[in-house]
There are 2 protein chains.
Amino acid sequence: MNISANTLAQLEDRFRATLINSLPGLKSLHLVGTMSENGHSNLGLFNSVFHLGASPSLLGMVFRPGSQDHDTLSNIKRTGFYTLNNVLTSFYQQAHQTSARYPSGVSEFVECGLTEYFIPNFQAPFVAESTIKIGMELRELLPVALNNTTIIIGEIKHIQLNENILASDGYINHSLAGSLTVGGLDGYFENKPLERLSYAKPNQAVHLLKVKKEY
Amino acid sequence: MNISANTLAQLEDRFRATLINSLPGLKSLHLVGTMSENGHSNLGLFNSVFHLGASPSLLGMVFRPGSQDHDTLSNIKRTGFYTLNNVLTSFYQQAHQTSARYPSGVSEFVECGLTEYFIPNFQAPFVAESTIKIGMELRELLPVALNNTTIIIGEIKHIQLNENILASDGYINHSLAGSLTVGGLDGYFENKPLERLSYAKPNQAVHLLKVKKEY
């Protein structure tokens, strides 16, 4: 079937939102930890983190206008710090529950049964249960006039992980880490590794990549 | 282990690039089809497409400076149109091969054994082998001064898919579609569905989502 832009515009809002959210494929999934104005921890579930560059080490993230992302965004703007924590099968239902509209004064860590974890000299809470914890510092806000979203760009300040998920060439094994992905807003997926492939060159067949510590 | 920003800055460039590219989790994967100046088709592999909004239906995408993304970006700027095509297990090695640095005058469709597919009144080539084909029109270029990348924002003009992968509420089933994800630049993954979860509300346990046509 072909769905044109005209058809899209006529779809019921919620159907279109579900369709477009799930259309571009499975997305990475993060619990974002921030510190609220009155000193308690805040936790929100996001699927919009993307790689922007390795030197400096930058990640982007999209915030929608007037949504429940509001607490997280205002905390990031005020404090300048936030954490990204991967989501595992063992607690994905609790992670999903953090997307409920809790009052601003309530910590989603407590309500959803997840554990705060702090490191010295870093003001935002990590999720103890996550196997990959990333400490971020806000670098830039990019407003998108087309639909009033905001792209925030942050720099990686800390990476916490178990070295058994890190290959000898720097590659992080998300199978061993147990990281889930999400389709749309509510469909959760585990992953099943195929292969790592070698750097592609013209007129040379692709082969499997061999690294010293392989997966 | 903890990797700080100072440690990151001292890592060898390629190790850091592999680490940071693979860090934020598995990413959606697309073959991007464009039409070159001299009228032949161009195809490139990208892992940076992200959801920006459903009304209007917008997707973002990141281009690095001076990289092999160059042909794709200049074609998009000149023509205003491009396609996003999902990657399946049956042709992921061919998709990977499109990332080789072929000369500008060469079509990656031909070199890598993939099939062009056109629809009326749309100027960019789709990949016939893909189960989800998205026709895009360029809406905005956002330069990112921090690292000289460019975020392009496009609007969805056409969606081509088999209706058996579309649930009754608009959700697209990437398991049935066979869409792969990628870790870093070269690690390919199939997906394994867990569950769809209901809309989360405070003080109410998460339950499994039931839709008329369920997966």
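The coordinates are above.
A few points on the structure. Treat the numbers as computed from the prediction; the structure is a model and nothing was measured. (Residues numbered from 1 in each chain as written. Chains lettered and ligands numbered in written order. Predicted model: local features only at pLDDT ≥ 70, side-chain atom pairs only at ≥ 80, totals over all residues. Heavy atoms only, no water.)

## What about the overall build of chain A?
Stage number 1. Scanning chain A from terminus to terminus reveals six helices and 13 strands.
Stage number 2. Here chain A has a C-alpha radius of gyration of 19 Å; the compact-globule value for 215 residues is 17 Å, and the two agree.
Stage number 3. By principal-axis analysis of the C-alpha atoms, chain A measures approximately 55 × 55 × 35 Å.
Stage number 4. Among the 215 residues that make up chain A, the fraction classed as buried is 60%.
Stage number 5. Counting only contacts in chain A whose residues sit at least 6 apart along the sequence, the fraction spanning at least 24 positions is 59%.
Stage number 6. Surface summary for chain A: the accessible area is close to 8,600 Å², and the carbon and sulfur share equals 51%.
Stage number 7. Within chain A, one finds 16 positive and 18 negative side-chain charges whose respective centroids are separated by 7 Å. (Helix = DSSP H or I, 4+ residues; strand = E, 2+ residues; numbered from the N terminus. Rg over C-alpha atoms; globule rule 2.2 N^0.38 Å. Buried < 20%, exposed > 50% of the residue type's maximum accessible area, 1.4 Å probe, protein only. Contact = heavy atoms within 4.5 Å. Areas by Shrake-Rupley, 256 points an atom, 1.4 Å probe, with all protein chains shown as cover. Lys, Arg positive; Asp, Glu negative; His and termini not counted. Charge placed at Lys NZ, Arg CZ, Asp CG, Glu CD.)

## Describing the interface of chain A and chain B
Stage number 1. In this complex, chain A contributes 100 residues to the contact, which on the side of chain B involves 100 residues.
Stage number 2. Of the roughly 8,800 Å² buried at the junction of chain A and chain B (both faces included), carbon and sulfur atoms supply 62%.
Stage number 3. Joining chain A to chain B, the criterion identifies four salt bridges.
Stage number 4. Our count for the contact surface shared by chain A and chain B stands at 46 residue pairs in polar contact (both at pLDDT 80 or more).
Stage number 5. The leading source of residues in the side of chain A that touches chain B is strand β13 (residues 187–196) of chain A, at 10 residues.
Stage number 6. As defined by bridge partners, β13 of chain A adjoins strand β13 (residues 187–196) of chain B across seven bridges and the pair is classed as antiparallel. (Buried area = accessible area lost by both parts, 1.4 Å probe. Salt bridge = Lys/Arg side-chain N within 4 Å of Asp/Glu carboxyl O. Polar contact = N/O pair within 3.5 Å; in protein donor to acceptor, adjacent residues only side chain to side chain. Pairing = 2+ DSSP bridges.)

## Re the relation of the copies chain A and chain B
Stage number 1. After a rotation of 180° and a shift along the axis of 0.0 Å, chain A superposes on chain B with an RMSD of 0.0 Å. Taken together, the rotation angle and the small translation identify this as a two-fold axis. In terms of C-alpha distance to the rotation axis, chain A has N191 of chain A as its closest residue, with the C-alpha 2.2 Å off the axis. (Least-squares fit on C-alpha atoms with pLDDT ≥ 70 in both.)

## Quick notes on the sheet that holds strand β12 (residues 181–183) of chain B
Stage number 1. Reading across the sheet, the six strands line up as β2(A)-β12(A)-β13(A)-β13(B)-β12(B)-β2(B) and stay open at both edges, with antiparallel pairing between neighbours. Each edge of the open sheet is held by one strand with a lone partner, namely β2 (27–28) of chain A together with β2 (27–28) of chain B.
Stage number 2. Of the strand pairs in this sheet, β2 of chain B and β12 of chain B are connected by two bridges, and their pairing is antiparallel. Directly across from K27 of chain B, in β12 of chain B, lies its bridge partner V182 of chain B.

## What to know about the pattern of salt bridges
Stage number 1. All chains considered together, the criterion is met by 12 salt bridges over all chains.
Stage number 2. Residue E155 of chain A is joined to R139 of chain A by a salt bridge in which the shortest nitrogen-to-oxygen separation is 2.3 Å. One end of the pair, E155 of chain A, is in strand β11 (residues 149–161); the other, R139 of chain A, is in strand β10 (residues 132–144), with 16 residues separating them in the sequence.
Stage number 3. Residue class for R139 of chain A comes out partly exposed when judged on its relative accessible area of 39%.
Stage number 4. Three or more residues are tied together by salt bridges with common partners; here these are D169 and R196 of chain A together with D186 of chain B.

## Section: the pairing of strand β6 (residues 57–63) of chain B
A regular strand places its side chains on the two faces of the sheet in alternate fashion.
Residue and element names in this part refer to chain B.
Stage number 1. For β6, the tally of buried residues reaches seven of seven residues, placing the bulk of the element in the interior.
Stage number 2. For β6 and strand β11 (residues 149–161), the ladder comprises six bridges, and the chain directions are antiparallel. Residue F63 lies in a different strand from β11, and its bridge partner there is T150.

## Side note on helix α3 (residues 70–79) of chain A
Residues and elements named next belong to chain A.
Stage number 1. Taken together, the buried positions of α3 are occupied by D71, T72, L73, N75 and I76.
Stage number 2. In this structure, the buried residues of α3 make contact with β3 (30–35), β4 (41–46), β6 (57–63), β7 (81–86), β10 and β11.
Stage number 3. Positive phi appears at G80, one or two residues downstream of α3, with a value of about 85°.

## Notes on the environment of I165 of chain B
Stage number 1. Mapping I165 of chain B onto the fold places it in the loop between β11 and α6 (174–177).
Stage number 2. Residues I165 of chain B and I132 of chain B lie 33 residues apart in sequence; the distance between their C-alpha atoms is 9.4 Å.

## Re the pairing of β4 of chain A
All names here are of chain A.
Stage number 1. Counting buried residues along β4, six of its six residues qualify, which places the element largely inside the surrounding structure.
Stage number 2. Burial of β4 is two-sided: the residues S41, L43 and L45 facing one way and the residues N42, G44 and F46 facing the other way are all buried.
Stage number 3. Two elements, β3 and β4, share six bridges in a ladder whose sense is antiparallel. In the strand pairing of β4, G33 is matched with L43.
Stage number 4. Where β3 hands over to β4, the hairpin turn is made up of five residues, of which G39 adopts a positive phi near 85°.

## Points about unusual backbone geometry
Residue and element names in this part refer to chain A.
Stage number 1. Along the chain, S55 connects to P56 via a cis peptide bond; the corresponding omega equals 0°.
Stage number 2. In this fold, P56 is placed in the loop between β5 (50–54) and β6.
Stage number 3. For N121, which is not a glycine, the phi torsion comes out positive at approximately 60°.
Stage number 4. With respect to the helices and strands, the residue N121 is situated in the loop between β8 (116–117) and β9 (126–127).

## Remarks on the nonpolar core
Stage number 1. Ranked by size, the top nonpolar core spans 28 residues in total, and within it M61, L84, I156 and I159 of chain B carry the most contacts.
Stage number 2. Only α2 (13–22) of chain A together with β6, α3 (70–79), β7 (81–86), β10 (132–144) and β11 of chain B provide two or more residues apiece to this core.
Stage number 3. Setting aside residues no more than four positions away along its own chain, I156 of chain B makes contact with A5, L8, I20 and L23 of chain A together with S57, L59, I134, G135 and M136 of chain B.
Stage number 4. Ranked by size, the runner-up nonpolar core spans 27 residues in total, among them L59 and M61 of chain A together with L8 and I20 of chain B. (Core = buried A, V, L, I, M, F, W, Y, C linked by side-chain atoms within 4.5 Å.)

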